[in-house]
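Listed here are the chains, written in short residue letters.
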Amino acid sequence: MTALAEVAQAVPVRTRAPLNRFLRSELRMVLRRPRTIIFIVGLALVPVAAGIGFAVAGNGADDGPPGMTISGILDGNGLMLPIFGLVVSLNMLLPLSGAMWAADAVAGESSAGTLRGLLLAPVGRARLLAVKAFGVATVTTIAVTVMTVTGTITGVLLLGGDGMLTMSGSTLGVADALGRVLLTAALVTVHVWAVAAIALAVSTFTDHPLVVLAVALGTIVVFTVLGAIQALDWLHPYLITTAWQSVLDVVRDPLPLDGITTGLLQAACYVVIGYSIALARVLTKDG
Amino acid sequence: MGPEQSGPTPLAARTRGLRKVYRSTVAVDHVDLDVPVGAVLGMLGPNGSGKTTTIRMLLGLVTPTAGEIELLGAPMPQAAATALPQVGALVEGPGFHPFLSGWDNLLRLAAVEPQLTTGRIRPAVTEALERVGLADAAHRRYKGYSLGMKQRLGLAAALLVPRRLVVLDEPTNGLDPAGTREVRTVIADLHAAGTTVMVSSHLLSEVEATCTHVVVLHRGSVVAQGALTELLESTDASIVVSTPDVAQAVETLRSARIGARPVPGGVRADLTTTTAPSVVRMLATAGVSVYEVHRQRTGLEDLFARLTGSLSTVEDLGTAPDTDHEGVR
């Protein structure tokens, strides 16, 4: 044994970098990726564009019966705008964004050759997946939060917002209405996490981020079609898209919790399934 | 130079019966590799000979189908957590985020580097960039880097902290002659500091200039390994005779039971059973015009040609950039 090797062996080797350092580095990297920023900005503009549209349409559509059309519901009911924006985006835009971030997280790093660098550090494979899941979940949360903020501001400024006229006909105070907006944001975030978990699982099986997006898009479309077929109603509780419909319950008064709770459980199942598959794959994957 | 040992040499890396099968393709088979501590080991082999696959298994990136691996005395991949922090590696070309600068890319790797304390991250990144001559381009986006700069950044990542073993897969790929010289200097510095270095290369001259040990891989198997000087000494001596009368010269030598074969511009004579003066005398007596006689340089190239048994692979090895990825990931 050479003297140098002895010295090197005498010093205890630190086997892991601190977790918070890895988490911060991951967020820093994800939030500096131009794609991420563009998608967040685009999502933030969805409720703004809708708000402007409804404000313009609302002024010329006073003749129609109020409360029968979306623009009728939203007119003078500005706090409904962030809820509208989030629920509409949950049907396609947000799940696709979540899937894209999950695609970049593992498949993207794999195709850029950067996953190797992390594995060689080494970061530990289970920890790698945990950090990746954290990064995707955080970006999702940021996107939904930004949408909620821009939607609320736009709604209040353009459509007016003292309180909220619910779908059940009652009126909520501003505090209650904002509570409903926050609840919507929380529910939507969890449902996007579920999609992202599945997408992350797919992401561990391929080097091509586009494959993940294609699978996510295909799944959403197929599930939506299956969900519309009455003869298959036995299948509906298992579809990830079914759970999304429960989010609209937030605009009823009093708040029906059954559907919302079931929806959350469905999302939780998908999160567990997604991360279990991803973990099993990451532990054995060739880097 | 590396310290002289008595008794069994300690090994920085060791494999026994290493085998990797991708579906129906056998990428690596029966690889018994010994990397002595302090050595600079050159891994040679034509494209697809299993160099990169062997390195990836050694570093725990790929699970072997069969066989044992020891890295710095610990079994891989079980001991990855303790062994890998002491290993720096550039595998399968540099892999970085195109939208980040070289500095930010290294910062990210430094953040997950177990050996670096948080306060040492920035100085370590600065030093690594300076060491590979990238300090000026540190804050430019990786996307805009030339191939050589990308390769240098990969080298910087491997050298982020002092290592006991540095593994460089095709480190000179895409580098200009100046860059190649710098890599040679880096390897020499590492060697002088007692670091074990494994370097795979398709440039035979490169390996000959920098390595103390060589392993030659061919079709997934080790066909030769050992100290470079020993391997070269075992090569048979020969001379090349420049002559226009090739056919006559070959016939003369062969009738005297001396191995001879035509080479461009002359004849190559085997000296295992005879000496240079007697070959020349024999040819002169037979009336062959001899313009020049020179000792055949028994370089790595000859060794390699003999071991892998085909000239085409040598040409392959000498000119084609090695994309030794075995096509599977």
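Everything numeric here is computed off the predicted structure, so don't read it as measured data.

A. Quick look at the overall build of chain B. Scanning chain B from N- to C-terminus turns up 12 helices and 15 strands. Across the 329 residues of chain B, 47% fall into the buried class. Of the contacts formed within chain B by residues at least 6 apart in sequence, a portion of 69% connects residues at least 24 apart.

B. Geometry of the overall build of chain A. Counting its regular elements, chain A contains 12 helices and 2 strands. Its helices and strands taken in sequence order, chain A reads α-α-α-α-α-α-α-α-β-β-α-α-α-α from the N to the C terminus. Buried residues in chain A amount to 44% of all 287 residues. Long-range pairs, those at least 24 residues apart, make up 80% of the contacts in chain A with a sequence separation of at least 6.

C. Quick look at the interface of chain A and chain B. Taken together, the contact pairs 33 residues of chain A with 35 residues of chain B. Secondary-structure elements contributing two or more residues to the side of chain A that touches chain B are α1 (3-10), α2 (19-32) and α7 (114-120) of chain A. Among the elements that take part in the side of chain A that touches chain B, α7 of chain A stands out by supplying 6 residues, more than any other. Of the residues in the side of chain A that touches chain B, the class split is 16 nonpolar, 9 polar and 8 charged.

D. Representation of helix α6 (residues 177-192) of chain B within the structure. Residues and elements named next belong to chain B. Between its first and last C-alpha, α6 extends 22 Å over 16 residues, near the 22 Å set by a 1.5 Å rise per residue. For α6, the full list of buried residues reads Gly179, Val183, Val186, Ile187, Leu190 and His191. Buried residues of α6 fall within an arc of 135° about the axis and therefore sit on the same side. Residues of α6 that are exposed and angled more than 90 degrees away from the buried face: Pro177, Ala178, Thr185, Asp189 and Ala192. The inward-facing, buried residues of α6 abut β4 (40-44), α5 (147-158), β8 (165-169), β9 (196-200) and α7 (204-210).

E. Examining the sheet that holds strand β7 (residues 87-90) of chain B more closely. Residue and element names in this part refer to chain B. The strand order across the open sheet built from 6 strands is β7-β8-β9-β4-β10-β11, with neighbouring strands paired in mixed fashion. Two strands in the sheet have a free side with no partner beyond their single neighbour: β7 and β11 (221-227). With strand direction ignored, the average angle separating the axes of adjacent strands in the sheet is 10°. Relative to β9, β8 runs parallel, the two sharing 5 bridges.

F. Inspection of the domain arrangement of chain B at higher detail. Examined at the domain level, chain B breaks down into domain 1 (11-233) and domain 2 (238-295). Centre-to-centre separation of domain 1 of chain B and domain 2 of chain B, based on C-alpha positions: 44 Å.

G. Quick peek at the environment of Leu90 of chain A. All names here are of chain A. Mapping Leu90 onto the fold places it in helix α5 (residues 80-90). When the C-alpha positions of Leu90 and Trp244 are compared, they lie 7.2 Å apart, and in sequence the two are 154 residues distant. Contacts of Leu90, omitting those with residues within four sequence positions, involve Val188, His191, Trp244 and Val247.

H. Representation of the pairing of β11 of chain B. All names here are of chain B. Bridge count between strand β10 (residues 213-218) and β11: 6 bridges; the pairing is antiparallel. When the bridges of β11 are listed, Val215 appears paired with Gln225. Once β10 ends, the chain turns through 2 residues before running back antiparallel as β11, passing Arg219 with a positive phi of about 50°.

I. Main features of the packing of helix α8 (residues 125-159) of chain A against helix α9 (residues 174-203) of chain A. All names here are of chain A. It is at 9 Å that the axes of α8 and α9 come closest, and there the two elements cross at 145°. Taken as a pair, α8 and α9 cross one another with a handedness that is right-handed. In this structure, α8 contributes Lys132, Ala133, Val136, Ala137, Thr140, Thr141, Val144, Thr145, Thr148 and Thr152 to the contact, and α9 contributes Val181, Ala185, Val188, Thr189, Val192, Trp193, Ala196 and Leu200. For the contact of α8 with α9, a count of residues per class yields 11 nonpolar, 6 polar and 1 charged.

J. Structural context of unusual backbone geometry. Omega for the peptide link from Ala121 of chain A to Pro122 of chain A comes to -5°, which places this bond in the cis form. Secondary-structure assignment places Pro122 of chain A in the loop between α7 and α8. Cis geometry marks the peptide bond from Met76 of chain B to Pro77 of chain B, where omega comes out at 0°. Notably, Arg23 of chain B is not glycine yet its phi reads approximately 50°, a positive angle. Even without being a glycine, Glu92 of chain B presents a positive backbone phi close to 55°. Turning to its location among the elements, Glu92 of chain B is positioned in the loop between β7 and α3 (102-111).

K. The nonpolar core, seen in detail. Ranked by size, the top nonpolar core spans 158 residues in total, and within it Ala196, Ala199 and Leu200 of chain A carry the most contacts. The element best represented in this core is α9 of chain A, accounting for 17 residues. When near neighbours in sequence (up to four residues on either side) are disregarded, Leu200 of chain A contacts Ala102, Ala105, Val106, Lys132, Ala133, Val136, Gly274 and Ala278 of chain A. With 9 residues, the next largest nonpolar core counts Ala269, Val279, Leu283 and Val288 of chain B among its residues.

The rules behind the values
Residues numbered from 1 in each chain as written. Chains lettered and ligands numbered in written order. Predicted model: local features only at pLDDT ≥ 70, side-chain atom pairs only at ≥ 80, totals over all residues. Helix = DSSP H or I, 4+ residues; strand = E, 2+ residues; numbered from the N terminus. Buried ≥ 20, exposed ≤ 12 C-beta atoms within 10 Å, placed from the backbone. Contact = placed C-beta atoms within 7 Å. Nonpolar A, V, L, I, M, F, W, Y, C, P; charged D, E, K, R; others polar. Expected span 1.5 Å × (residues − 1). Arc of directions from axis to C-beta. Pairing = 2+ DSSP bridges. Axes fitted to C-alpha atoms, helices over the stretch in contact; angles between N-to-C directions. Domains from an automatic or database assignment. Left-handed = near helix turned anticlockwise from the far one by under 90°. Core = buried A, V, L, I, M, F, W, Y, C linked by C-beta atoms within 7 Å.

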